[in-house]
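Fold and contact review
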Amino acid sequence: MAQVLWSGRLSATPDEEAFAFESSITVDQRLVLEDIEGSIAHVTMLGAQGIIPEEAAQKIGEELKRIAADITEGKLVIDTGVEDIHSFIEGVLTARLGDVGRMVHAGRSRNDQVAVDVRLYLKHHIPELQEELRQTGETLLSVAEQHLTTVMPGYTHLQRAQPVTLAHHLVAWAAGLERDRARFADALARLDECPLGSGALAGSTLPLDREATSRALGFRRPTINSMDSVADRDFALEVTSCCAITMVHLSRFCEDIILWATEEFGFIELAEQWSTGSSIMPQKKNPDFAELIRGKSGRVTGDLVTLLTLLKGLPYAYDRDLQEDKEALFDALDTLRASLRMFRGMLASARFRTERMARSCQGGFLEATDVAEYLVRRGLPFRRAHEVAAQVVRDCIAAGQRHIGERTLEQLRERSELFNEDIYEALSPRASVERRRTAGGPAPEEVQRQIGELRRRFSRKEG
Ligand code: ARG
């Protein structure tokens, strides 16, 4: 049954279907504990400021704590026939305390109430997401650590380019996730302001102490402007965009995994519990989890677009359209959290087919850049060296050879006098990787350094 707590000047209420249309409780009920937390801070301040009697404030505060406990213990079930979570809590309070309960909403509007609830919710949940990101990064780094010398082709344009190591590739992914974690920290720092006390849009004639409520709720400071406080949702946009960016990262990692799991690549063997069969083809082992993460990234991009579209064109200050923000925001948070956990499980249990990776470094002339750089070390201008190496590759192809090392020194010297016996040492994928010691490069000790640096960053609290 639809319940309306107050109707103000209105004498008629929407019918059941219309009421359900405007109700948001099925979505905002997850804010229940934050709503109660905000109300406790508000009512304590009302008491301290003498806006309501001290003992009334105390009674309300205690009852709110009881309501929170009752909900947590399952003794009180949220009634989804109420318009939103704010009305539900005020309704319970009034039912239990009568007129004392009716004092809680002095100097407050659901407009600042919902704004504070969502910010509190994010302050609680973003650190949990950052922890998921840290653990996912740590999984990547510890798998990487086992593969510092596992050579594999690095790709550009999805064509074999230069040899790298599996560790180098996995650390590339981890570096992205570390920035994602820092991005959440930035968003968190910016949203850490308390909108409570902004009222419907224009504050209050009552002597509210906004510093006190902000402090009590653990915010860095109160928001600067009451209209901005109830109208803007840039914090939701920012957090959803953090989610969307992270999902796009995961989607790309999953695309690599899906390719690697093909027989054509054959670089990875996913554990059976992280694969699915086919309803018709008995032989199939499909990378569905990776595909679903890739698919769900589209959904989170959609959440971001929903919010951008929702906000564009809204006149200041509050508009009811804003109620639609939570579904997209929560969906983005939930989808990212689940995807990070699935990605981690899938990756930690995968087996890498290192022999296939090594074999794939043969045959695509991945050593051609090493040949050019060998000649540069011997004094040849790079563009000339590039030409010589290209000519040597052409010679190989004409002779049906698949690796520059198959050419004799005499044959190489036909293209440049600068070639010596030591060229052959430079040609193995292993040697190529070991020589790429530039900061950020794939040499094993360098990747080990990158792993250490990322571990340090992942464990930092700030961005
Ligand atoms: N459910 C509403 C929301 O999420 C709460 C604020 C309602 N305010 C109002 N004036 N109708 O935005």
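Above this text sits the structure in question.
What you see is a predicted model, and the numbers here were worked out from it, not measured in a lab. (Residues numbered from 1 in each chain as written. Predicted model: local features only at pLDDT ≥ 70, side-chain atom pairs only at ≥ 80, totals over all residues. Heavy atoms only, no water.)

**A short note on the pattern of salt bridges**
With the rule as written, the count across this model stands at 36 salt bridges. In this structure, K123 and D192 form a salt bridge, with 2.7 Å as the shortest nitrogen-oxygen distance. Of this pair, K123 sits in helix α6 (residues 110-145) while D192 is found in the loop between α7 (166-191) and β3 (193-194), placing the two residues 69 residues apart along the sequence. R221 is the salt-bridge partner of E193, the closest N and O atoms lying 2.6 Å from each other. Of this pair, E193 sits in strand β3 while R221 sits in strand β4 (residues 221-222), placing them 28 residues apart in sequence. Linked through salt bridges whose partners overlap, the residues forming this network are E22, E83, D84, R110 and R320. (Salt bridge = Lys/Arg side-chain N within 4 Å of Asp/Glu carboxyl O. Helix = DSSP H or I, 4+ residues; strand = E, 2+ residues; numbered from the N terminus.)

**With respect to the pairing of strand β2 (residues 159-165)**
Examined bridge by bridge, strand β1 (residues 151-156) and β2 share six bridges and lie antiparallel to one another. Pairing of Y155 across the sheet is with R160, part of β2. Where β1 folds back onto β2 in an antiparallel hairpin, the turn is made up of two residues, including H157, whose phi is positive at roughly 55 degrees. (Pairing = 2+ DSSP bridges.)

**Section: the nonpolar core**
Ranked by internal contacts, the top residues of the largest apolar core, which has 101 residues, are F88, W260 and F343. Broken down by element, this core gets its largest block of residues, 15 residues, from helix α10 (residues 234-260). Once you skip the residues sitting within four places of it in the chain, W260 turns out to touch M152, L166, H169, W173, F265, G266, F267, I268 and F352. (Core = buried A, V, L, I, M, F, W, Y, C linked by side-chain atoms within 4.5 Å. Buried < 20%, exposed > 50% of the residue type's maximum accessible area, 1.4 Å probe, protein only. Contact = heavy atoms within 4.5 Å.)

**Here's the deal with the layout of surface pockets**
Roughly 510 Å³ of internal volume is contained in the largest pocket. What lines the largest pocket is a set of 21 residues, and nearest its centre among them are H169, A172, W173, R252 and D256. Going through the elements one at a time, β1, β2, α7 and α10 are the ones with two or more residues in the lining of the largest pocket. With seven residues, the top contributor of residues to the lining of the largest pocket is α10. A per-class count over the lining of the largest pocket returns 11 nonpolar, seven polar and three charged. (1 Å grid on protein atoms, 1.4 Å probe; cavity = no way out; pocket = protein on both sides within 12 Å on 5 of 7 lines; lining within 4 Å. Points joined across faces, edges and corners; volume = space filled by probe spheres on them. Nonpolar A, V, L, I, M, F, W, Y, C, P; charged D, E, K, R; others polar.)

**Considering the state of the cysteines**
A complete count under the given rule lists zero disulfides for this structure. As a non-bridged cysteine, C254 has C243 as the owner of its nearest cysteine sulfur, 16 Å distant. Overall, the relative accessible area of 0% leaves C254 in the buried class. (Disulfide = S-S within 2.5 Å.)

**Observations concerning the site of the ligand**
Taken together, S24, D84, H86, R110, N111, V114, Y318, R320, Q323 and K326 make up the full set of residues near the ligand. Here Q323 contributes a side-chain N or O atom positioned 2.8 Å from a nitrogen atom of the ligand. Contact distances for the ligand include 2.5 Å between an oxygen atom and a side-chain N or O atom of K326. When the ligand sits alone it has 340 Å² of accessible area, and the protein chains cover 87% of it. Considering every element that reaches the shell around the ligand, the biggest residue donor is α6, with three residues. Looking at side-chain class alone, the shell around the ligand contains two nonpolar, four polar and four charged residues. (Near = heavy atom within 4 Å. Polar contact = N/O pair within 3.5 Å; in protein donor to acceptor, adjacent residues only side chain to side chain. Areas by Shrake-Rupley, 256 points an atom, 1.4 Å probe, with all protein chains shown as cover.)

**A closer look at helix α5 (residues 85-97)**
The first and last C-alpha atoms of α5 sit 18 Å apart over 13 residues, in line with the 18 Å expected at 1.5 Å per residue. Taken residue by residue, α5 has I85, H86, S87, F88, I89, E90, G91, V92, L93, T94 and L97 as its buried positions. In the core, the buried residues of α5 are packed alongside α2 (25-28), α3 (32-48), α4 (54-72) and α6. Trailing α5 by a residue or two, G98 shows a phi angle of about 65 degrees, which is positive. (Expected span 1.5 Å × (residues − 1).)

**Thoughts on a negative patch on the surface**
Taken together, the side chains of E410, E414, E421, D422 and E425 define an acidic patch exposed on the protein surface. Position of E410 among the secondary structure elements: in helix α16 (residues 409-413). The exposure class assigned to E410 is exposed, which follows from its relative accessible area of 57%. (Patch = residues over 30% accessible without salt bridge, like charges linked within 9 Å, V, L, I, M, F, W, Y side chains within 5 Å. Lys, Arg positive; Asp, Glu negative; His and termini not counted. Charge placed at Lys NZ, Arg CZ, Asp CG, Glu CD.)

**Structural notes on the environment of Y374**
Relative to the helices and strands, Y374 is located in helix α14 (residues 368-377). Among the residues examined, Y374 registers a relative accessible area of 4% and is labelled buried. Residues Y374 and H157, spaced 217 residues apart in sequence, show a C-alpha to C-alpha distance of 25 Å. Excluding residues that lie within four positions of it along the chain, Y374 makes contacts with L418, F419, N420, D422 and I423.

**Section: the environment of D303**
Inspection of the secondary structure assignment puts D303 in helix α11 (residues 288-311). Given the relative accessible area of 9%, D303 is considered buried. Sequence separation between D303 and I423 is 120 residues; the distance between their C-alpha atoms is 54 Å. Leaving out residues up to four positions away in the same chain, D303 has contacts with T240, A328, D331 and A332.

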